[in-house]
Amino acid sequence: MSWHREPLVGFDLETTGTDVETDRIVTAAVVRLDPDGTVSGERTWLLDPGVAIPEQASAIHGISTDHAREHGVPAATAIEEIAETVAGVLRSGTPLVVMNARYDLSLLDRECRRHGLESITERLGAVPSPVVDPLVIDKHVDKYRKGRRALHALCAHYGVSLDDAHDARADAVAAAQVVRRMGEMHQPVGTMPLPDLHDLQVTAAAAQSVSLQAYLRRTTNPTAVVEPAWPVIPRSR
């Protein structure tokens, strides 16, 4: 049976910014989709990240500092629950779908370190797998398509509804639906065993990073360094 015809679990974070080393988790969602598209299980979290949420981030996901402080769970408590929930999904062998996994999983890794908790890698005793990243796969199967590749753009391209973008639950569901459509439309990927698909994404992500770095150096950022590792950026210290 092809992996995309089996249950999938979507995972998404909304955060204080885009730097995996310094930014914090604000909301998180882990959502299980059955083969017929039914949501059969979900967990969501609102955190008090312990720092002020920049206005630019609040404008995207709608969570203010005051709201997070009043209603959010202490960060350490929530991050332990998130990390163990994600690790449990991966232990079960169910594909974990993460849009731009390199960011979300790396930020979760750094949050675990910040709070003295075991990372996903430490809990599993291995690199997180099986992970399915719609961003990496889409760039691999349709590398010359022009236009944006953000989640809302992938949803439009693959015919998936996204009614509440930048809500962690909505984004997690949409990412899982997108990769299901990818598996249906791109048979070489859809019929690939999960270990092979994971290895393909490691190789593809590295190649995509080289291409992006070359593009940035030619255009807007001549000193750009784009991390090639996937799905977790190695810790620098």
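Residues numbered from 1 in each chain as written. Predicted model: local features only at pLDDT ≥ 70, side-chain atom pairs only at ≥ 80, totals over all residues. Heavy atoms only, no water.

Undergrad: I tried to follow the nonpolar core on my own but got confused; where do I start?
TA: One broad rule of soluble globular proteins: the nonpolar side chains tend to lie buried together. F11, I25, L47, I82, V86, L96 and L108 are the most contacted members of the largest nonpolar core, which has 34 residues in total. Put simply, the parts of the chain that give this core at least two residues each are strand 1 (8–15), strand 2 (25–33), strand 3 (39–48), helix 3 (75–91), helix 4 (101–114) and helix 10 (194–218). Sorting elements by how many residues they give to this core places helix 3 first, with nine residues. Discounting chain neighbours no more than four positions away, the residues touching L108 are F11, I25, I79, I82, A83, V86 and I120. (Core = buried A, V, L, I, M, F, W, Y, C linked by side-chain atoms within 4.5 Å. Buried < 20%, exposed > 50% of the residue type's maximum accessible area, 1.4 Å probe, protein only. Helix = DSSP H or I, 4+ residues; strand = E, 2+ residues; numbered from the N terminus. Contact = heavy atoms within 4.5 Å.)

Undergrad: What am I meant to see in the packing of helix 3 against helix 4 here?
TA: Packed helices, taken two at a time, are described by the angle their axes make and the gap between the axes. The N-to-C vectors of helix 3 and helix 4 enclose an angle of 130 degrees; their axes lie 10 Å apart at closest approach. One element, helix 3, and the other, helix 4, form an angle in the oblique class. Crossing handedness for the pair helix 3 and helix 4: left-handed. Facing I79, I82, A83 and V86 of helix 3, the residues of helix 4 in contact are L108, E111 and C112. (Axes fitted to C-alpha atoms, helices over the stretch in contact; angles between N-to-C directions. Parallel < 35°, antiparallel > 145°, perpendicular 65-115°, else oblique. Left-handed = near helix turned anticlockwise from the far one by under 90°.)

Undergrad: In this structure, what is going on with the pairing of strand 2? I would like to understand it.
TA: Consecutive residues of a regular strand have side chains that alternate between opposite faces of the sheet. Within strand 2, eight of the nine residues are buried, which leaves the element mostly enclosed by the surrounding structure. Here strand 1 pairs with strand 2 via eight bridges, running antiparallel. Bridge pairing in strand 2 links T15 to I25. Examined bridge by bridge, strand 2 and strand 3 share seven bridges and lie antiparallel to one another. By the bridge assignment, A29 is partnered in strand 3 with T44. (Pairing = 2+ DSSP bridges.)

Undergrad: Can you help me understand the pattern of salt bridges in this one?
TA: Two side chains of opposite charge can pair, provided their charged atoms sit close to one another. One pass over the full model with this rule turns up 15 salt bridges. The residue E42 makes a salt bridge to R169 at a minimum N-O spacing of 2.8 Å. With E42 in strand 3 and R169 in helix 8 (residues 168–185), this residue pair connects regions lying 127 residues apart in the sequence. Exposure remark for E42: the relative accessible area of 40% places this residue in the partly exposed category. In this structure R169 comes out as partly exposed when scored by relative accessible area, which is 31%. Note that D138 is salt-bridged to R145, the shortest N-O span being 2.7 Å. Residue D138 shares its accessibility class with R145, and that shared class is buried. Three or more residues joined by partner-sharing salt bridges are found here, namely E21, D109, R110, R113 and R235. (Salt bridge = Lys/Arg side-chain N within 4 Å of Asp/Glu carboxyl O.)

Undergrad: I'm lost on empty space enclosed by the protein in this one. Help?
TA: Evaluated as defined, the whole model comprises one cavity of 30 Å³ or more. By volume, the largest cavity amounts to about 40 Å³. Forming the walls of the largest cavity are L105, D109, I120, T121, P128 and V232. Breaking the lining of the largest cavity down by element, the ones donating at least two residues are helix 4 and helix 5 (120–124). (1 Å grid on protein atoms, 1.4 Å probe; cavity = no way out; pocket = protein on both sides within 12 Å on 5 of 7 lines; lining within 4 Å. Points joined across faces, edges and corners; volume = space filled by probe spheres on them.)

Treat this as a map of the structure, not an account of what it does.
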